[in-house]
Amino acid sequence: MLEVTNNCNLRCITCPREYLFGHQMAKGFMDIDNLKKVVDEAYPYVDSIGLTGLGETMMYKQLEEAVDYIRSKSDGIIVFISINAHLPKSVEIADALSDKVDTIQISMDGVEEIYETVRLKSDYSFFINNVKQITENAKGRRADVMFNFVAIKENYHQMADIVEVASQIGVKFLNITPFNVASVTAHNIDYYKLFLSDSFRNELQAAHLKAKEVGNVEFTTWDFESEEGFQKCDFPWSHFYISWDGYLTPCCAKPFPKELNFGNVFEDGLMTCLNSDAYKEFRLQWYRNETPKFCEKCHMIDLPAVDMNLSDVPILDQPTY
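Residues numbered from 1 in each chain as written. Predicted model: local features only at pLDDT ≥ 70, side-chain atom pairs only at ≥ 80, totals over all residues. Heavy atoms only, no water.

Participant: Tell me about the packing of helix α4 (residues 90-97) against helix α6 (residues 124-138), and name the residues and values.
Facilitator: One can describe the packing of α4 onto α6 by two numbers: an axis separation of 9 Å at closest approach and a directional angle of 15°. Looking at the two axes, α4 sits roughly parallel to α6. Classified by chirality, the crossing of α6 by α4 is right-handed. Taken together, the residues of α6 that come into contact with α4 (itself represented by S90, V91, A94 and D95) are N130, Q133, I134 and N137. Tallied by class, residues from the contact of α4 with α6 come to three nonpolar, four polar and one charged. (Axes fitted to C-alpha atoms, helices over the stretch in contact; angles between N-to-C directions. Helix = DSSP H or I, 4+ residues; strand = E, 2+ residues; numbered from the N terminus. Parallel < 35°, antiparallel > 145°, perpendicular 65-115°, else oblique. Left-handed = near helix turned anticlockwise from the far one by under 90°. Contact = heavy atoms within 4.5 Å. Nonpolar A, V, L, I, M, F, W, Y, C, P; charged D, E, K, R; others polar.)

If you want it as structure tokens, here you go:
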């Protein structure tokens, strides 16, 4: 996961950028030559690269150049981006990338006024028109378009509505994930009680039934049913996150180098950082199922297992943003 930028044009109440850790972080854009150096080191060993992070990916002016460079290394690497579809040129940029990337993930956190309540500085009409055009332009091309919905107390009652919108627009994939408060200093783990409630369970099941009814939306969810604990998280093994300025951080949920990093890949090299003593100790804690202090409050750790009665709903096997 390469954070090409952590700048953004919106201010979403679910985003760690808008809380203490985010206020303290340096902001910028990844140097394209440094990005290429990381790809050079990584490409023989990785099967996917996400060009996204805490910011709006399409604000990165060298985005198409970055994708082209990855493709020059291997056409088999899965390339995905996550966007808010809220820039004046979002449709134009997506059109240029639709035959080059594999997934265009769009953050979709509500319908009408609820969307604007969650994603501050947004305009739902502008957003949904952009999504319609992006989806239409992507038909028959390489890129799949998907919605990612972060469930919070303000919007969880609209989960079935999101399925309906996806179906009407032609967005084939929808993933629903619970709000992670790991890096959101305004909330503690009491927030997770929402996802243990009958009300939330009923709304999630309604969304699942709606997906079955419409028949053209592939519905995935967070893994609600596995036991909580550090070993529920596979990020120490499966995904690494590099901030725009080169720091190797544990994951996309809390990508703040000032809190924890395993070195700077631009200065020391990717493999040196991945195999540093600090990262090895982090993985040893995973083996012992001991939660690092850095990971406290994460929903992997502090959201108890709950039976959602969704045994036939797949779990998404790639990170969401």
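Participant: Tell me about the pairing of strand β6 (residues 144-151), and name the residues and values.
Facilitator: β6 sits mainly inside the fold: seven of its eight residues count as buried. As defined by bridge partners, strand β4 (residues 103-107) adjoins β6 across five bridges and the pair is classed as parallel. From the neighbouring strand, I104 faces β6, where its bridge partner is V145. In this view, the connection linking β6 to its parallel neighbour strand β7 (residues 173-178) by way of helix α7 (residues 159-169) has right-handed handedness. (Buried < 20%, exposed > 50% of the residue type's maximum accessible area, 1.4 Å probe, protein only. Pairing = 2+ DSSP bridges. Right-handed = clockwise from strand over helix to strand, strands pointing away.)

Participant: Which residues make up the side chain of S98, and what are the values?
Facilitator: Following the sequence through the fold, S98 ends up in the loop between α4 and β4. A polar contact is formed between the side chain of S98 and the backbone oxygen of A94, at a distance of 2.8 Å. Once you skip the residues sitting within four places of it in the chain, S98 turns out to touch I104, A138, R141, R142 and A143. (Polar contact = N/O pair within 3.5 Å; in protein donor to acceptor, adjacent residues only side chain to side chain.)

Participant: Outline the nonpolar core, listing residues and values.
Facilitator: Counting 107 residues, the largest nonpolar core has L35, L51, F147 and F195 as the members making the most contacts within it. Residue contacts for L51: discarding those within four places in its chain leaves L2, V4, L35, T57, L63, A66, V67, I70, V79, F80 and I81. (Core = buried A, V, L, I, M, F, W, Y, C linked by side-chain atoms within 4.5 Å.)

Participant: So what's going on with the pattern of salt bridges? Residues and values would help.
Facilitator: Taken as a whole, this structure holds 22 salt bridges when the rule is applied. Between E65 and K36 there is a salt bridge, with the nearest N and O atoms lying 2.8 Å from each other. Of this pair, E65 sits in helix α3 (residues 63-73) while K36 sits in helix α2 (residues 32-42), placing them 29 residues apart in sequence. A residue is classified by how much of its surface remains accessible, and E65, at 38% relative accessible area, is partly exposed. K36 sits in the buried class, given a relative accessible area of 18%. Via salt bridges that share partners, R71, D75, D102 and R142 belong to a single interconnected network. (Salt bridge = Lys/Arg side-chain N within 4 Å of Asp/Glu carboxyl O.)

Participant: Please give an account of the packing of aromatic side chains that cites residues and values.
Facilitator: Under the defined criterion, the tally for this structure stands at 17 aromatic pairs. Consider the rings of Y115 and F127, whose centres lie 4.5 Å apart with planes at 20°: the pair is stacked. Here Y115, found in helix α5 (residues 113-118), pairs with F127, found in helix α6; they are twelve residues apart in sequence, far enough to count as distant. The pair formed by Y115 and F127 is uniform in burial state, with each residue classed as buried. Arranged with centres 5.8 Å apart and planes meeting at 55°, the rings of F200 and F224 form a pair that is tilted. Placement of F200 in helix α8 (residues 198-214) and of F224 in the loop between β8 (218-221) and α9 (235-238) is noted, with a sequence separation of 24 residues between them. For the pair F200 and F224, a shared accessibility class is recorded, and that class is buried. We note K254 situated over the ring of F294; from NZ or CZ to the ring centre the distance is 4.6 Å. The ring of W237 carries R283 above its face, with NZ or CZ at 5.7 Å from the centroid. (Phe/Tyr/Trp six-rings, centres within 6.5 Å; stacked < 30°, edge-to-face > 60°. Lys NZ or Arg CZ within 6 Å of the ring centre and 35° of its normal.)

Participant: An account of the sheet that holds strand β2 (residues 48-50) is requested, with residue identities and associated values reported.
Facilitator: Pairing is parallel across the open sheet formed by six strands, whose spatial order is β2-β3-β4-β6-β7-β8. Two strands close off the open sheet at either side, each with one partner strand: β2 and β8. Neighbour-to-neighbour, the strand axes of this sheet turn through a mean angle of 20°, independent of strand direction. Note: strand β3 (residues 78-83) against β4, four bridges, orientation parallel. Pairing of F80 across the sheet is with T103, part of β4. Relative to the sheet, α7 contacts β6, β7 and β8, its axis offset from that of β6 by approximately 165°.

Participant: I'd love a proper account of a nonpolar patch on the surface, names of residues and values included.
Facilitator: On the surface, W237, L284 and Y287 cluster together into a nonpolar patch covering about 350 Å² of accessible area. Secondary-structure assignment places L284 in helix α12 (residues 277-288). Residue L284 is classed as partly exposed on the basis of its relative accessible area, which comes to 41%. (Patch = residues over 30% accessible without salt bridge, like charges linked within 9 Å, V, L, I, M, F, W, Y side chains within 5 Å. Areas by Shrake-Rupley, 256 points an atom, 1.4 Å probe, with all protein chains shown as cover.)

Participant: I'd like to hear about a negative patch on the surface, residue by residue, with values.
Facilitator: A cluster of like negative charges, contributed by E112, E113, E116 and D123, occupies part of the molecular surface. Inspection of the secondary structure assignment puts E112 in the loop between β4 and α5. On the accessibility criterion, E112 (43% relative accessible area) is partly exposed. (Lys, Arg positive; Asp, Glu negative; His and termini not counted. Charge placed at Lys NZ, Arg CZ, Asp CG, Glu CD.)

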